[in-house]
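# Summary of structural features
Letter by letter, the chains look like this.
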Amino acid sequence: MSNVLFDAIVAGREHGNGELFIGGAGADTDDQAFLDLSARMAAVLLDRGVDPGDRVAVQVSKSIEALALYIACIRTGAVFLPLNTAYTESELRYFIGDASPRVLVLDPQKRDMGERLIGPSQLLTLDAGRGGSLMDRASASEALLDTVPREGSDLAAILYTSGTTGRSKGAMLTHSNLLSNARTLVSCWQFSSSDVLLHALPIFHTHGLFVACNVMLLCGGRMIFQPGFSTDAVLEALPSATTMMGVPTFYTRLLADKRFTRDSVSHMRLFISGSAPLLADTHREFEARTGQRILERYGMTETNMNTSNPVDGDRIAGTVGLALPGVEVRVCKPETTTPLPAGEVGILHVRGPNVFAGYWQMPEKTREELLEDGFFITGDLATIDERQYVTIVGRSKDLIISGGYNIYPKELELLIDELPGVTESAVVGVPHPDFGEAVVAVVVRDGSAAADELNAENVISALADRLARFKQPKKVEFVSELPRNTMGKVQKNLLRDTLSDSFV
Ligand code: MLC
Ligand code: AMP
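This structure is a prediction, so every number in the text was calculated from the model and none was measured. (Residues numbered from 1 in each chain as written. Chains lettered and ligands numbered in written order. Predicted model: local features only at pLDDT ≥ 70, side-chain atom pairs only at ≥ 80, totals over all residues. Heavy atoms only, no water.)

### What to know about the overall build of the protein
Defined as follows: The numbering of helices and of strands both runs from the N terminus, where a helix is a DSSP run of H or I of at least 4 residues and a strand a run of E of at least 2. With the radius of gyration taken over C-alpha atoms, the globule rule is written as 2.2 Å times the number of residues to the power 0.38. Each residue is placed in one exposure class: buried if its accessible area under a 1.4 Å probe, protein chains only, is under 20% of its type's maximum, exposed if it is over 50%, and partly exposed if it falls in between. Here, residues are in contact when the closest pair of their heavy atoms is within 4.5 Å. The Shrake-Rupley method, run with a 1.4 Å probe, gives the accessible areas here. Residue values count only the displayed protein chains as cover.
For the protein, the count of helices and strands is 17 helices and 22 strands. Computed over its C-alpha atoms, the radius of gyration of the protein comes to 23 Å, within 12% of the 23 Å expected for a compact globule of 504 residues. Considering only C-alpha atoms, the protein reaches an extent of 65 × 55 × 50 Å along its principal axes. For the protein, the residues scored as buried account for 56% of the 504 residues in total. For the protein, restricting intrachain contacts to residue pairs at least 6 apart in sequence, the fraction spanning at least 24 positions comes to 67%. Approximately 20,300 Å² of the protein is accessible, and the part contributed by carbon and sulfur atoms is 49%.

Below you can see the structure in the form of structure tokens.
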């Protein structure tokens, strides 16, 4: 019997020249070494009692070995659960409690924390320098011989995505969700074994892991695997690349550097942007500087990719393009499933083989967002024009996207409201030149003695242990009351207007 995703990856690699990585730390890891490492890691997981369907939670730095661990999970039938390296112990405690992983893999420096979270017997470690107990055991292990069979409907991964209530939800993605979407992207974006992808994204989210790595694994191409985004390192590696994927911040940072010129990218086949809105101005400035048009696409953790501008054809600035083959999109009035006429703003729904299997252990939440007719309610406000191009015009969900990371205001508001001296708070996203949007907390003090002590620094430091750094407010404003409408609802749009010049 087959393992749907793993078999496709093995077949994909056969199109290539035997190398998955070029440059840097990966130069000596060819396909065979990479797959062999994943087979030995798989044996370690089985030895730790990982059964098909068990979750393997992983919070480690980006490395080739971390990617091999993803493949190891797929081959053992485990459910890969990657976690943002910025998450604090308090955030991890929630994910571990919710997902009950069989094994947790952490950086060796976080061993004590891991023992507190899950105990020593279920803990393994891995660092970006090929160290840690997982690597030690994998080196001493025989490679797993028999890949565990998995069908298309079996889970391959759970990725947590924050929720409007402040509670993160685990999006369950099946083998066929991941495979169908990656195959569609290989074909639509014309990826082949001659492509070299400049990979500077993190590999714990959909964009860097499934969009970037699955596509390259399947097309037989190669990757320049960088630990994170650095303008210098990207400029240095560009001559060896043919394509790049990034969040809009990558492109605004490149444009801010005079070394980024038409000549430096004339050999590039494709620049792709997603995870957050690419300003039409950035799109135009990029074209004016380089002569190339960024291809913008639109996706979500729950759905992988839904729409894309075409490789051949009109890439329209400010739009996210057309529904991908096999994916249906409709724009409906809130609370209905009636599609609106072309050009009218409504909630975007999507349906297709890419759409996830539901939220982990949240059947009600799943029913609310994944409709009986198979459409998923994205919570994004959009229009579809006469040519079927989709434009994302806003969000009906209270969500901030900063540098491509999602931040749900409710999670911060609940923590800030608990602080001594605080009556209430409202957290909003305001324009930021680097991150697109930045988090601002607006706080109302109560009349207590604790309120007299309260300032921006101590609000932020009170959050430090509980929230990843990227979620923490870049600014805290104090007001005597929050603006409310006649229904008593906080008018965040007014706060956003008042604060719109905070960072520009
Ligand atoms: C870092 N910081 C951020 C931040 N990233 N703050 C807000 N938003 C972010 N995204 C913090 C740092 O902790 C630091 O805090 C300060 O901001 C400046 O850090 P930096 O050194 O300038 O940041 P850097 O390390 O360069 O990271 C910026 C970045 C990174 C844009 C390169 O955030 C990134 O790689 N983003 C990609 C996110 C992504 O992959 N999203 C895909 C989700 S999947 P201080 O105060 O300590 O200095 C998805 C689906 C889809 O959305 O459609 O793709
Ligand atoms: P995530 O939950 O991290 O997967 O983020 C998904 C959200 O990112 C979507 O619901 C959109 O709001 C946003 N998003 C992704 N790509 C784009 C894009 N190209 N333009 C605008 N918003 C985007």
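Structure shown, so let's carry the discussion forward.
### Focus: the site of ligand 1
Under the convention used in this document: If a single non-hydrogen atom of a residue is within 4 Å of a molecule or strand, that residue counts as near it. The definition of a polar contact used here is a pair of N or O atoms within 3.5 Å, where within protein one atom must be able to donate a hydrogen and the other to accept one, and adjacent residues in sequence count solely through side-chain atom pairs. Residues were grouped as follows: Ala, Val, Leu, Ile, Met, Phe, Trp, Tyr, Cys and Pro as nonpolar; Asp, Glu, Lys and Arg as charged; and all remaining residues, including Gly, as polar.
With respect to spatial proximity, 23 residues lie near ligand 1, and among them R253, S275, R297, S402 and R469 are the closest. Side-chain polar atom of R297 to an oxygen atom of ligand 1: 2.7 Å apart, as the coordinates give it. Within the contact set of ligand 1, a nitrogen atom lies 2.9 Å away from a backbone nitrogen or oxygen of G403. If you list the elements that add at least two residues to the shell around ligand 1, you get α8 (206-219), α10 (248-255) and β11 (295-300). Looking at the shell around ligand 1 residue by residue, the class counts come to ten nonpolar, nine polar and four charged.

### A few points about the sheet that holds strand β13 (residues 322-323)
Let me state the cut-off plainly: By definition, two strands form a pair when at least two bridges between them are found by DSSP. Comment: axis = line fitted to C-alpha atoms, over the contacting stretch for helices; angle = value between 0 and 180 degrees taken between N-to-C directions.
In spatial order, the strands read β8-β7-β9-β10-β11-β12-β13; together these seven strands make up an open sheet with mixed pairing. Edge positions in the sheet fall to β8 (222-225) and β13, since each has one partner strand and no second. As paired strands, strand β7 (residues 196-199) and β8 are joined by four bridges and run parallel to one another. Bridging across to β8, V196 finds its partner in R222. α10 rests against β9 (243-246) and β10 (270-273) of the sheet, and its axis sits at about 115 degrees to β9.

### Considerations on the packing of helix α3 (residues 64-76) against α8
The following threshold applies: Roughly parallel means an angle under 35 degrees; roughly antiparallel, over 145; roughly perpendicular, 65 to 115; everything else is oblique.
Axis separation between α3 and α8 bottoms out at 13 Å; the angle between their running directions is 80 degrees. With respect to α8, the element α3 is oriented roughly perpendicular. Facing L67, Y70 and I71 of α3, the residues of α8 in contact are L209, F210, C213, N214 and L217. Considering only residue class, the contact of α3 with α8 consists of seven nonpolar, one polar and no charged.

### Let's talk about the packing of aromatic side chains
The condition is simple: Here a pair means two rings of Phe, Tyr or Trp (six-membered ring of Trp) with centres within 6.5 Å. Their orientation is stacked below 30 degrees between planes, edge-to-face above 60, and tilted elsewhere. Two limits define a charge over a ring: the Lys NZ or Arg CZ must be within 6 Å of the ring centre, and within 35 degrees of the ring normal.
This structure, assessed with the given rule, holds 18 aromatic pairs. Between Y251 and F271, the ring centres sit 6.1 Å apart and the planes meet at 85 degrees, which makes this aromatic pair edge-to-face. Taken as a pair, Y251 in helix α10 and F271 in strand β10 lie far apart in primary sequence, 20 residues in all. Neither Y251 nor F271 differs from the other in exposure class; each is buried. Each residue in the set Y87, Y94, F95 and Y160 is aromatic and connected to the rest through ring pairs, giving one cluster. Its end group placed over the ring of F375, R330 keeps NZ or CZ at 3.7 Å from the ring centre.

### Regarding the packing of helix α2 (residues 31-47) against α3
Filter applied, for reference: Take the far helix as your reference; a near helix turned counterclockwise from it by less than a right angle gives a left-handed crossing, and one turned clockwise gives a right-handed crossing.
The interhelical angle for the contact between α2 and α3, taken along N-to-C directions, is 60 degrees, at an axis separation of 8 Å. As summarised for this structure, α2 and α3 are arranged oblique, according to the angle between their axes. Like other packed secondary-structure pairs, α2 and α3 cross with a definite hand, here right-handed. Contacts between α2 and α3 involve F34, L35, L37, S38, A39, M41, A42, L45 and L46 from the first element and I64, E65, L67, A68, L69, I71, A72, C73, R75 and T76 from the second. Among the residues forming the contact of α2 with α3, the class breakdown is 15 nonpolar, two polar and two charged.

### With respect to the site of ligand 2
In the vicinity of ligand 2 there are 16 residues, among which R297, T301, D380, K397 and N406 approach most closely. A distance of 3.2 Å separates a nitrogen atom of ligand 2 from a polar backbone atom of S275. Within the contact set of ligand 2, a nitrogen atom lies 2.7 Å away from a backbone nitrogen or oxygen of R297. Within the complex, the protein chains bury 92% of what would otherwise be the 490 Å² of accessible surface of ligand 2.

### Description of the pattern of salt bridges
Going by this rule: By definition, a salt bridge exists where a carboxyl oxygen of Asp or Glu is found within 4 Å of a side-chain nitrogen of Lys or Arg.
In this structure the tally under the stated criterion is 31 salt bridges. With a closest N to O distance of 3.8 Å, D98 and R167 form a salt bridge. Placement of D98 in helix α4 (residues 89-99) and of R167 in the loop between β5 (155-161) and β6 (169-174) is noted, with a sequence separation of 69 residues between them. Close ionic contact of R259 with D232 constitutes a salt bridge, the shortest N to O distance being 2.6 Å. Taken as a pair, R259 in the loop between α10 and α11 (262-265) and D232 in helix α9 (residues 231-237) lie far apart in primary sequence, 27 residues in all. Taking relative accessible area as the criterion, D232 reaches 47% and is therefore assigned partly exposed. Residues joined by salt bridges that share partners form a network here, namely K169, K365, E368 and E369.

### A short note on the nonpolar core
Selection criterion: To define a nonpolar core, start from buried Ala, Val, Leu, Ile, Met, Phe, Trp, Tyr and Cys residues and group those joined through side-chain atoms within 4.5 Å.
Counting 112 residues, the largest nonpolar core has F34, L69, Y70, V105, W189, M244 and F271 as the members making the most contacts within it. Setting aside its immediate chain neighbours within four residues, M244 contacts L197, L198, F229, V234, F250, Y251, L254, M268, L270, F271 and I272. If you look at the next biggest cluster of nonpolar residues, it comprises 38 residues, including L83, L92, I96 and V439.

### What to know about the sheet that holds strand β14 (residues 328-332)
Taken together, the four strands give an open sheet; going across it, the order is β14-β15-β16-β17, and neighbouring strands pair in antiparallel fashion. The sheet is open, and its two borders are formed by β14 and β17 (390-395), each paired with just one other strand. Strand-to-strand twist across the sheet, computed as the mean angle between neighbouring axes with direction ignored, equals 50 degrees.

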